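Listed below are the residues making up each chain.
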Amino acid sequence: SVLDSFGLINIEAALAGTPVILNKECPAFNDLISYSNRSFLSFSHKEDYVKLYSTIQQIKDKEQRLKIVKTLQDYVVTNYNDKVVIDRWNQLLSI
């Protein structure tokens, strides 16, 4: 969606081990895409999405799939754990 406000479902999916494809046109996803070192796959046009989806479906090598998932999980655990989120809220509320 280009209208999503944060993308919590994408973070939850990544943590659960699901490869995630994000729409680059959605401003809320830009940080997830750039700060995760592009661990979240991204697209701008429908054709790009179809290609990415097909690519993911064709990955038969379990190790390669696990590497993609592990990179996403590491990013989420590091950047969205309880302490980090609470610290960010405290910083926001102290302004």
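Below you will find a few notes about this structure.

Basis of the calculations
- Residues numbered from 1 in each chain as written.
- Predicted model: local features only at pLDDT ≥ 70, side-chain atom pairs only at ≥ 80, totals over all residues.
- Heavy atoms only, no water.
- Helix = DSSP H or I, 4+ residues; strand = E, 2+ residues; numbered from the N terminus.
- Buried < 20%, exposed > 50% of the residue type's maximum accessible area, 1.4 Å probe, protein only.
- Contact = heavy atoms within 4.5 Å.
- Areas by Shrake-Rupley, 256 points an atom, 1.4 Å probe, with all protein chains shown as cover.
- Patch = residues over 30% accessible without salt bridge, like charges linked within 9 Å, V, L, I, M, F, W, Y side chains within 5 Å.
- Salt bridge = Lys/Arg side-chain N within 4 Å of Asp/Glu carboxyl O.
- Expected span 1.5 Å × (residues − 1).
- Polar contact = N/O pair within 3.5 Å; in protein donor to acceptor, adjacent residues only side chain to side chain.
- Axes fitted to C-alpha atoms, helices over the stretch in contact; angles between N-to-C directions.
- Parallel < 35°, antiparallel > 145°, perpendicular 65-115°, else oblique.
- Left-handed = near helix turned anticlockwise from the far one by under 90°.
- Nonpolar A, V, L, I, M, F, W, Y, C, P; charged D, E, K, R; others polar.

Our next topic: the overall build of the protein. The helix and strand inventory of the protein stands at five helices and two strands. Going from the N terminus to the C terminus, the protein shows its helices and strands as α-β-α-β-α-α-α. Sorting the 95 residues of the protein into buried and exposed places 24% on the buried side. In the protein, once contacts between residues fewer than 6 apart in sequence are set aside, the share between residues at least 24 apart is 45%. Counting only carbon and sulfur atoms, one obtains 56% of the accessible surface of the protein, whose full area is about 6,900 Å².

A few words now on the environment of Val84. Locating Val84 in the fold gives a position in helix α5 (residues 82–94). Residue Val84 is classed as partly exposed on the basis of its relative accessible area, which comes to 22%. Apart from the residues within four sequence positions on either side, Val84 is in contact with Thr78 and Asn79.

The subject of this paragraph is a nonpolar patch on the surface. There is a patch of nonpolar side chains on the surface, built from Tyr49, Val50 and Tyr53 and spanning about 280 Å² of accessible area. Within the fold, Tyr53 resides in helix α3 (residues 46–58). On the basis of relative accessibility, which here comes to 42%, the residue Tyr53 falls in the partly exposed class.

Taken as a whole and judged by the stated rule, the model has two salt bridges. Note that Asp74 is salt-bridged to Lys70, the shortest N-O span being 2.7 Å. Here Asp74 and its partner Lys70 are both found in helix α4 (residues 62–79), four residues apart, which amounts to about one turn of the helix.

Under the 1.5 Å per step criterion, the end-to-end length of α5 is 18 Å for 13 residues, consistent within 8% with the ideal 18 Å. Between a side-chain oxygen at the N-terminus of α5 and the backbone nitrogen of Lys83 the separation is 3.0 Å; the capping residue is Asn81.

To continue, consider the packing of helix α1 (residues 8–15) against α4. A pair of packed helices is captured by two measures, namely the crossing angle of their axes and the spacing between those axes. For the pair α1 and α4, interaxial distance at closest approach is 8 Å and the crossing angle is 120°. Classified by the interaxial angle, the pair formed by α1 and α4 is oblique. With respect to the hand of their crossing, α1 and α4 are arranged in left-handed fashion. Taken together, the residues of α4 that come into contact with α1 (itself represented by Ile11, Ala14 and Leu15) are Leu72, Gln73, Val76 and Val77. Looking at side-chain class alone, the contact of α1 with α4 contains six nonpolar, one polar and no charged residues.

Purely spatial values, then, with no claim about function.
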